[in-house]
Amino acid sequence: MFRKKNPAPVVQTKRCQTCGVVSTDVETMPDPFTTALYPEDYDHGDMTLCPPCAVDRYEES
């Protein structure tokens, strides 16, 4: 009996909502700006950002 091999994992790309780059490095994360300003809050909005835009957003705070 032949077994099917597991398919290769699907690489997910996302678009950065700040600069528009499409990459596998782009992640959905809590807003770095509001997280830095109000760390005690738990209801920060999610943003889809690439690493450089996430750093820039954090440094704005």
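Computed from a prediction, not measured in an experiment: that's the story for all the values here.

Novice: Go over the environment of Pro-30 with me, naming the residues and quoting the values.
Specialist: With respect to the element layout, Pro-30 can be found in strand β3 (residues 27-30). Given a relative accessible area of 44%, Pro-30 falls into the partly exposed group. Taking the C-alpha atoms as reference points, Pro-30 and Val-11, separated by 19 residues in sequence, lie 22 Å from one another. If near-sequence neighbours (up to four positions away) are discounted, Pro-30 is found in contact with Thr-35, His-44, Gly-45 and Asp-46.

Novice: So what's going on with the nonpolar core? Residues and values would help.
Specialist: If you look at the biggest cluster of nonpolar residues, it comprises eight residues: Cys-16, Val-26, Met-29, Met-47, Leu-49, Cys-50, Cys-53 and Ala-54. Put simply, the parts of the chain that give this core at least two residues each are β4 (46-49) and α2 (51-60). What Cys-16 contacts, discounting residues up to four positions off in sequence, is Val-21, Val-26, Thr-48, Leu-49, Cys-50 and Cys-53.

Novice: An account of the pattern of salt bridges is needed here, citing residue identities and associated values.
Specialist: A full pass over the atoms with the stated rule returns two salt bridges. Arg-57 serves as the salt-bridge partner of Asp-31, at 2.8 Å between the closest nitrogen and oxygen. Pair noted here: Asp-31 is in the loop between β3 and α1 (32-37) and Arg-57 is in helix α2, with a separation of 26 residues, a long-range link. Looking at Asp-31, the relative accessible area reads 7%, which means it is buried. We classify Arg-57 as partly exposed; its relative accessible area is 23%. Each member of the salt-bridge network shares a partner with another, and the members are Asp-31, Arg-57 and Glu-60.

Cut-offs and rules
- Residues numbered from 1 in each chain as written.
- Predicted model: local features only at pLDDT ≥ 70, side-chain atom pairs only at ≥ 80, totals over all residues.
- Heavy atoms only, no water.
- Helix = DSSP H or I, 4+ residues; strand = E, 2+ residues; numbered from the N terminus.
- Buried < 20%, exposed > 50% of the residue type's maximum accessible area, 1.4 Å probe, protein only.
- Contact = heavy atoms within 4.5 Å.
- Core = buried A, V, L, I, M, F, W, Y, C linked by side-chain atoms within 4.5 Å.
- Salt bridge = Lys/Arg side-chain N within 4 Å of Asp/Glu carboxyl O.

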